[in-house]
Amino acid sequence: MTDLLDLDHSQLVELVESLGQPAYRSKQIWRQVYQRGATDPSQMSDLPRDLRERLTAHVESPRQPIELQRSADGSTSKALLQLNDGELIETVLIRSTPRDTVCLSSQAGCAMGCVFCATGLQGLRRQLTVGEIMRQAILARSWARNEGRELTHVVFMGMGEPLANYANVSRSIDRLTDPDGFAMSPRRITVSTVGIPQNIRRLAADHPRVNLAVSLHAPTQGLRRELVPVDGASVDDILDAVREHNRETGGRVTFEYVLLRDVNDSRGHARRLAERLRGLRAHVNLIPLNPSPGVIGERPSRRATLGFQQALQESGVPATIRVEQGRDIAAACGQLRGDRVRILE
Ligand code: SAH
Ligand code: SF4
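Here's what I pulled together on the structure shown here.

Rules of the game
- Residues numbered from 1 in each chain as written.
- Chains lettered and ligands numbered in written order.
- Predicted model: local features only at pLDDT ≥ 70, side-chain atom pairs only at ≥ 80, totals over all residues.
- Heavy atoms only, no water.
- 1 Å grid on protein atoms, 1.4 Å probe; cavity = no way out; pocket = protein on both sides within 12 Å on 5 of 7 lines; lining within 4 Å.
- Points joined across faces, edges and corners; volume = space filled by probe spheres on them.
- Helix = DSSP H or I, 4+ residues; strand = E, 2+ residues; numbered from the N terminus.
- Nonpolar A, V, L, I, M, F, W, Y, C, P; charged D, E, K, R; others polar.
- Near = heavy atom within 4 Å.
- Phe/Tyr/Trp six-rings, centres within 6.5 Å; stacked < 30°, edge-to-face > 60°.
- Buried < 20%, exposed > 50% of the residue type's maximum accessible area, 1.4 Å probe, protein only.
- Pairing = 2+ DSSP bridges.
- Axes fitted to C-alpha atoms, helices over the stretch in contact; angles between N-to-C directions.
- Contact = heavy atoms within 4.5 Å.
- Expected span 1.5 Å × (residues − 1).

Turning our eyes to something else, we now look at empty space enclosed by the protein. Per the counting criterion, the structure on display carries 2 cavities of 30 Å³ or more. The volume enclosed by the largest cavity comes to roughly 490 Å³. What lines the largest cavity is a set of 32 residues, and nearest its centre among them are F116, C117, M157, S215 and G334. Mapped onto the lining of the largest cavity, the elements with two or more residues apiece are β8 (189-193), β10 (253-259) and β11 (282-288). Its residues assigned to classes, the lining of the largest cavity shows 17 nonpolar, 12 polar and 3 charged. Taken as a whole, the second largest cavity holds about 40 Å³ of empty space. Lining of the second largest cavity is provided by L4, L5, L7, L12, I29, W30, V33 and Y34. Considering each element in turn, the lining of the second largest cavity owes the most residues, 4 residues, to helix α2 (residues 24-36). Across the lining of the second largest cavity, the residue classes tally to 8 nonpolar, no polar and no charged.

So, in structure tokens, the structure goes:
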């Protein structure tokens, strides 16, 4: 069975022709899927009935999320999705007027093993296909639309390391920005990576207008290795790739820095970080650790968080503290684990 969302333009033409239909039908199907969000052929009202039936027989039927949760303040929704082989992933919609942002997963699990991340606990289970990535975006957009809102931003910050699934993430960005597809500006898309230098360079070449966020977490190699044990790249190599990204794209990079109490949250760490970032067009987004069962680390004090931000700013590096939503449904950064374990607070 074919996943309709996995097909690119030319593959869709082939499918339509193999069903004895003219090629232009593929454009209609594409628009139905990516503009209207009709992933089930029976909903494609502008197609002849026999084509709808033959498509239905040929393609996988879309699956509904197996669990939906909404935060108590209503701002954040999370869906647990089961893939065809039984793998579980999560997708989060964050409403924050005037922005509605979907946080997409790019892999089932993740190989990087960051010690503070719930997804990292599972190891890598497998790459997601383009269809599996796009289905999440379509789903989140339909939630927004059902409430009279519109999806405005996409961040690859869910489960997995997007630059370790480069080909499919890159193809998803093409679809998100396709004028016949989601028609979204690349400026509204952000890829967050643990820092894979060669793929940061590829992203700069292939998608120069897409925003880059790099999860650095440490100013020194020793500390970085403790927090991100599997990643092979050195802090120097990551910063070199970011320098090139700056140069190639003319854009500014965001560094994400998860603050762990008494591990990487002192003013000294902040000053050393500022030194490392000198000369880069960069901004630091501080993320106070979100606790999750089984992962290492404690949340820093508010005082330490503010002190860290202030020390960065005094050293000339712009820094913000991430405003987080959805902690009560374990939908915040680092809490996505793709199972039914709940955090009881
Ligand atoms: N793999 C990519 C994208 C997914 S993680 C990456 O690491 O960038 C998205 C962000 O959530 C990353 O910055 C990550 O460091 C952060 N994160 C992971 N676990 C966290 C936790 N327990 N608390 C707060 N942020 C966390
Ligand atoms: Fe993977 Fe990102 Fe989690 Fe690290 S923080 S384990 S790279 S998903």
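Next up on the list: the site of ligand 2. The environment of ligand 2 is formed by C110, M112, G113, C114, C117, G120, G160 and V194. Its residues assigned to classes, the shell around ligand 2 comprises 5 nonpolar, 3 polar and no charged.

Applying the stated criterion to the full structure yields 2 aromatic pairs. Taking the centre distance of 4.7 Å and the plane angle of 50 degrees together, the rings of W30 and Y34 count as tilted. Placement of both W30 and Y34 in helix α2 is noted, with a separation of 4 residues, approximately one turn of the helix. This pair shows no difference in class: W30 is buried, exactly as Y34 is. Look at Y257 and F308: their rings are 4.8 Å apart centre to centre, the planes differ by 40 degrees, and that puts the pair in the tilted class. Taken as a pair, Y257 in strand β10 and F308 in helix α10 (residues 302-314) lie far apart in primary sequence, 51 residues in all.

Moving on, we get to the sheet that holds β11. With mixed pairing, the 10 strands of this open sheet are ordered in space as β1-β2-β3-β4-β7-β8-β9-β10-β11-β12. On the outer flanks of this sheet lie β1 (67-70) and β12 (319-321), each paired with one strand and no other. Taking the axes of each pair of neighbouring strands and ignoring which way they run, one obtains an average angle of 20 degrees across the sheet. Relative to β12, β11 runs parallel, the two sharing 3 bridges. Across the sheet, the residue bridging to L286 is I321, located in β12. Helix α5 (residues 166-177) rests against β7 (153-156) and β8 of the sheet, and its axis sits at about 180 degrees to β7.

Take helix α4 (residues 130-146) next. In a regular helix each residue adds 1.5 Å, so 17 residues correspond to 24 Å; α4 covers 24 Å between its end C-alpha atoms and thus fits that length. Counted residue by residue, α4 has 14 buried out of 17 residues, so it is predominantly covered. Positive phi appears at G148, one or two residues downstream of α4, with a value of about 75 degrees.

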